[in-house]
Each structure stands twice: as C-alpha cells, then as structure tokens.
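# Structural features, examined
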Amino acid sequence: MATSIPISPTILVAFLFVLSCLWVFPEAATATATSKYRGITRHYTFNVRLKNVTRLCHTKSMVTVNGKFPGPRVVAREGDRLVVKVINRVPNNISIHWHGVRQLQSGWADGPSYITQCPIQTGQSYVYNFTIVGQRGTLFWHAHFQWLRATVYGPLIIFPKHNASYPFAKPHKEVTIMLGEWFNADPEAIIQQALQTGAGPNVSEAYTFNGLPGPLYNCSAKDTYKLKVQPGKTYLLRLINAALNDDLFFSIANHTFTVVEADASYVKPFETNILLLAPGQTSNVLLKTKPNTPNAKFFMLARPYFTGMGTFDNTTVAGILEYENPSPHSSSSNLAIFKPSLPPINATNVVANFTNKFRSLASTRFPANVPQTVDKRFFFTVGLGTNPCPKNQTCQGPNGTKFAASVNNISFALPTTALLQSYFFAKSNGVYTTDFPNFPLHPFNYTGTPPNNTFVTNGTTKAIVIPFNTSVELVMQDTSILGAESHPLHLHGYNFYVVGQGFGNFDPKKDPAKFNLVDPVERNTVGVPSGGWVAIRFLADNPGVWFMHCHFDVHLSWGLGMAWIVLDGELPNQKLPPPPSDLPKC
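This text gives an overview of the structure that appears in the document. (Residues numbered from 1 in each chain as written. Predicted model: local features only at pLDDT ≥ 70, side-chain atom pairs only at ≥ 80, totals over all residues. Heavy atoms only, no water.)

## Considerations on the overall build of the protein chain
Cut-off, in case you're wondering: Secondary structure is summarised from DSSP: a helix means a run of H or I of at least four residues, a strand means a run of E of at least two, and numbering begins at the N terminus for each. To get the radius of gyration, use the C-alpha atoms; to get the globule rule, take the number of residues to the power 0.38 and multiply by 2.2 Å. Note on contacts: a residue pair is in contact if any heavy atoms of the two residues lie within 4.5 Å. Note that accessible areas follow from Shrake-Rupley with a 1.4 Å probe, and for residues the cover is restricted to the protein chains shown. We count Lys and Arg on the positive side and Asp and Glu on the negative side, and we leave His and both chain ends out. Charged groups are reduced to one reference atom each: NZ for lysine, CZ for arginine, CG for aspartic acid, CD for glutamic acid.
Secondary structure summary: the protein chain contains 6 helices and 33 strands in total. Since a compact globule built from 586 residues should have a radius of gyration of about 25 Å, the 25 Å found for the protein chain is in line with a globular shape. By principal-axis analysis of the C-alpha atoms, the protein chain measures approximately 90 × 75 × 50 Å. The long-range fraction of contacts in the protein chain, counting pairs at least 24 apart against all pairs at least 6 apart in sequence, stands at 79%. Within the structure as shown, the protein chain displays about 24700 Å² of accessible surface, and the carbon and sulfur contribution to it stands at 54%. For the protein chain, the centre of its 46 positive side-chain charges and the centre of its 32 negative side-chain charges are spaced 5 Å apart.

Set out below in structure tokens:
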C-alpha cells in the first residue's frame, strides 16, 4: 500500500519555481541538464501571405512572411535544430533558402527552387528541418524563387553555444540592420518584362534600412530607421545586404567600426569607417560610441558600388544614429546632423583595399582549415553576354539582342523538376547532364578587347560531379564582354576560403605563388573583382546537389549559375538521407 510523503511548503515553493524556470527558459533547462550543450529544437511557422505595405507614399500588396517586411527574426544557438513550417497562402510558388547554413546531410532543406526542391505551391506547406553545425554569427533567410527575395527575407541569428564566449569583448547591445530595396512596382512583373524584351530590368525606387527608406527620399521622412545609443558603450551591429542587385557601401558619420566577422565566420579584427557588403554577404562590426553625449545626430548612409554598364538605382538610404539623454539645453529637433562621406560609385580600388583586409582568426579555437593540397582545379569565367533576338520580335538588349549571363559561356537553364530529387533517385535523363566544362572551351583575353561574338550557349542544365572529400580549387574570372563588373558569387552548402584575388587575367604560373594558405577569410559569398579574378578552396565534404550563382538576381535570371553534385562517401554520416515525406512536388 502506497504511503504519502509530506512535503514542506519551502520545498514545494522551490519546486514550483524550478518548474516555472523550465517553462520560461526551456533552452536553459537543456543546457543545465547536460554538461555539454547538445542543442535544442526550435520551431517556427512562416505564413507566406500578401500584405499591403506603404513606402514613398505608394501602397502595394506584396508577398511577406507573417505580414512583416522585413520578415521575422529566426534565432538559434550553434548545435540547435531548426524546424520551420512554411505555409504558402499566396498565388506565387515559393521556397525559402537559409543563406550560408552548411546543411550537412540536410540538402533537402537548402531551399533553391528546382535545385534541391520543387517550389511550395499555393495552399501547400513544407517543413524545413536542419541543424546548425559548427557555425555561429549572422546569416539570413530569403525566398529563392524568381524575384520574391525583394520582400521575403529576414535575419538568421546564431548565438554561440551556452558558456561559449565571443572572441571579443561582450558588447553592451546587439542590433540587426538589414539593407534592402523598395520597388513601387511588383518585382516579379519587372523581371518578367525584362526577360521578354531582353532589356535590363527597371531599378528600385529606394534602398532601405530594415525596410525603411529614410529622409533623403520624397515622402519618406516618417519611415526613417533610428539607432539610439548610449555614450561610452560598444554595440555589435549585425549587417546584412539583402538587396536584389546592388553592392552597397555603408558608413556612419564621425564613427568607425571594428570588423569581427564575415558570413558567420570570425575574422581578425580591423578598423574601418567604410564597409562594403555584396548582396548575400553579412558582417558583424563593433561600434564604439563617443565617451560623452555629443550635441549632434549622425547619418548612417548606404549607397551602391557599381562598375557595370546600364542603369542602376543611384540613390542613398539614410538612417539616424542618436545618442540618448542629450544636453538639457538642446532638443533632438535642433541638433546638428553630420553626414559621412562615401566613396565614388565605381571606387574599385577602395573595394579591393577593403576586401584584402579580411583574414580568418586562424586560432586554436577557430582554426582555418584551408586545404593545403588540391585534388581538382577549375577555372570559371563569369560575366554577361547576349542571346539573339527571336524572329518577328524587337529586342532592347545590346545591338538589338537579349541580355544573358553565363559561367564558362554556358547560361544555366533551371529544370522543371528538382535536380536533387533527380540525382538521388537516379532519374537524371532529360533533366540535367554532367558535362559542365572545368575550363572555358574557347579561351580569350578575358579582360581585354571583347570578342565580336557575345552569344552564350543556353538551353541546357549542366552540372559538375565530384567525389566526396575532394579538395577543390576554383578560380573565377570576370570578363569584359559587355563591360567588366563585380559579381557576388554564392556557393550553397559550403563555406570556402578566399586564397587569392587580383585584377586582370589570372596567371596560373605566377599568381598561385601569392595565395594565402595560412589565414584566408572564410565566406559563403565572394565578389569576383570587376576586371579581375578570385581564387577559392573548399573541401567537398557535404553530399548533395549545390547551386553556385551570382547573387545579383538579374544575373541569376539571365543564367549566371551552375550546380555541383557531390557524391556520397562510404560512411553512414557521409551519405545524403532520403527526402522527407512532405517534399513539394513539381
């Protein structure tokens, strides 16, 4: 017969307090239950729906997540599992990409439409299920279907494991600033019109900080991002360039930054008063405020870096840095406001000097595991070209053609079914071929006088197949066929080390001797210099199909991309598991 044990009121209160802590701080419960943080599962729901949003005195219905622009913040710790249910309640197809997440053995959750999944159709849903392995810092998520990324994006913040510190002094506060664009028109209609006419697409009306264009645009003073700070404090700014088609300079008047991270990888700290972020790039910087409250406000500005031909949004977005508790003799409205000076639009040398400052920490705790030997070398030309104008049609591209873009002169054609599914079930026939060239088929003076024939090869979906654990060196060379231009190249499923870069044509005999194999920066998106080249190395240790493409969405729409297929390894943890049961169908 069971007997009851009396419990004192003190013990009961303590027990109820512990229970309440576990309810309020579930991740703390997991952390204290284990000596080593093993991660928890965090659930999110993304309702993709239309929302009326007004900017620049212009109201439009646009695709959002949970009615927010930018979308909601996703937060995790290194080692956590994220389970995100995406429900499509709009007429458009959609998919979500977790930009920069390694997706180790979770390629089905990577998100690019027709690469790792068919898009989520209207009224359907899909659960993205993946674990954050060996990463911490700032990334972001965005739509990966046509141009929906213009409005469907948000921050992905990865904190270190419990009891793990930053490799720099803990900041007073952390602030996320997303750089984006505002289009009065529907971005989907803009790119469809451009593809039809062959012309460059209409550009955005404004840039934005966290969705706000700021006071330098007409009818926009009320939509201004304001960062309020205290004197004598250090703030961690998590900066994300989510713009569709523009590299952006960023600066705050009379303040400097200490760069501590790039693309969720720590870097050797360095000081600068100008930042450059290509679309898809993220950076964490420390902002140290002035020791005493100044009788002034400070503009934070962003505007494009542009070296190509054609039109672009040549405007400037402004936010305001304000100090709390200004002098009792002054009001916020009559404070002087200072503007930073930004480099010229085409300041290529400024960009080169800035990007050359990035170095991995290469410490015992955060080593730089750059491959010292290379199994396979590749050389890719990247740039613009043209397609002939169809018969009985007038085209508005160069000399009456249609704009196109290519890698090794091959313009990537999205298939109508997902590559990963076709590969996994060995049904590639008619979907893709594996003969993407390792080197240009017709070499020429890439940064010299352009060839007379600017046509690209298109209409095919080609991939490169590499065995598991292959160490890869890839040199990407800009071309001057339709003018030299910087191209932000993003590799899905991997980080890579930027071992070298330079202007002009890559010299395979002389340039490799100057490669940095000690502490090169680790990134997921790198700018191929305008009129130059960049060399990267990575270890192909993640089986699956991985898209690599220009993160200017207009260049992606024109075909500047390709796919890597990394075969399974021999061990169970080196193989891609089967797809989830709710994987969308085409």
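## Focus on helix α3 (residues 187-197)
To keep things clear, this is the line we draw: Burial classes: relative accessible area under 20% of the type maximum marks a residue as buried, over 50% as exposed, and values in between as partly exposed (1.4 Å probe, protein chains only). Side-chain atoms alone can form a polar contact between residues adjacent in sequence; in general such a contact is a pair of N or O atoms within 3.5 Å, and within protein one must be able to donate a hydrogen while the other accepts it.
All of the buried residues along α3 are Pro187, Glu188, Ile190, Ile191, Ala194 and Thr197. Its buried side turned inward, α3 meets β2 (58-65), β22 (402-407) and α6 (553-557). The backbone nitrogen of Glu188 has a side-chain oxygen 3.1 Å away, supplied by the residue at the start of α3, namely Asp186.

## Considerations on the sheet that holds strand β8 (residues 153-159)
Operational definition: Think of it this way: DSSP has to see at least two bridges between two strands before they count as a pair. Fitted lines through C-alpha atoms serve as axes, helices being fitted only where they are in contact, and the angles separating the N-to-C directions of these axes extend from 0 to 180 degrees.
What the 4 strands build is an open sheet, ordered β3-β8-β7-β5; its pairing is mixed. Every other strand in the sheet has two partners, leaving β3 (74-77) and β5 (96-99) as the edge strands with one partner each. Neighbouring strand axes in the sheet, compared pairwise and without regard to direction, differ in orientation by 20° on average. As judged from the 4 bridges shared by β3 and β8, these two strands associate in the parallel manner. By the bridge assignment, Val74 is partnered in β8 with Leu156.

## Comments concerning the nonpolar core
Nonpolar side chains in soluble globular proteins generally cluster together in the buried interior. Heads up, the condition is: Here, nonpolar core refers to any group of buried Ala, Val, Leu, Ile, Met, Phe, Trp, Tyr and Cys residues whose side-chain atoms link them within 4.5 Å.
If you look at the biggest cluster of nonpolar residues, it comprises 102 residues, and the most contacted ones within it are Leu237, Phe250, Phe380, Met476 and Trp564. With 7 residues, strand β18 (residues 296-305) is the single largest residue contributor to this core. With 45 residues, the next largest nonpolar core counts Phe46, Val84, Trp108 and Leu576 among its residues.

## So, the packing of aromatic side chains
Using the following cut-off: Classification of ring pairs rests on two measures: the distance between centres of Phe, Tyr or Trp rings, Trp counted by its six-membered ring, which must be within 6.5 Å, and the angle between planes, read as stacked under 30 degrees, edge-to-face over 60 and tilted in between. A ring is scored as having a charge over it whenever the NZ atom of a lysine or the CZ atom of an arginine sits within 6 Å of its centre and within 35 degrees of its normal.
Across all of its chains, the model carries 37 aromatic pairs by this definition. Stacked on the ring of Trp182, the Lys or Arg Lys60 has its end atom at 4.8 Å from the ring centre.

## Side note on the side chain of Thr525
Relative to the assigned elements, Thr525 resides in strand β30 (residues 525-528). Ignoring any residue separated from it by four or fewer positions in sequence, one finds Thr525 in contact with His99, Asp263, Pro279, Gly280, Gln281, Pro488, Leu489, His490 and Phe496.

## Description of unusual backbone geometry
At the junction of Phe69 and Pro70, the peptide bond is cis and its omega measures out at -10° in the coordinates. Relative to the helices and strands, Pro70 is located in the loop between β2 and β3. The backbone of Asn408 shows a phi angle near 50°, a positive value even though the residue is not glycine.

## Here's the deal with the state of the cysteines
Under the convention used in this document: When two cysteine sulfur atoms are found within 2.5 Å, that pair is recorded as a disulfide.
This model, assessed by the stated rule, comprises 3 disulfides. Disulfide partner of Cys57: Cys219, at an S-S distance of 1.6 Å. Between Cys57 and Cys219 the sulfur-sulfur dihedral comes to about 50°; the bridge is accordingly right-handed. On the criterion of sequence distance, the pair formed by Cys57 in the loop between β1 (41-55) and β2 and Cys219 in the loop between β10 (206-209) and β11 (226-229) is long-range, its members being 162 residues apart. Relative accessible area serves as the criterion here: at 58%, Cys57 is assigned to the exposed category. Each sulfur of the disulfide joining Cys389 and Cys395 lies 2.1 Å from the other.

That is the geometry; function is a separate question.
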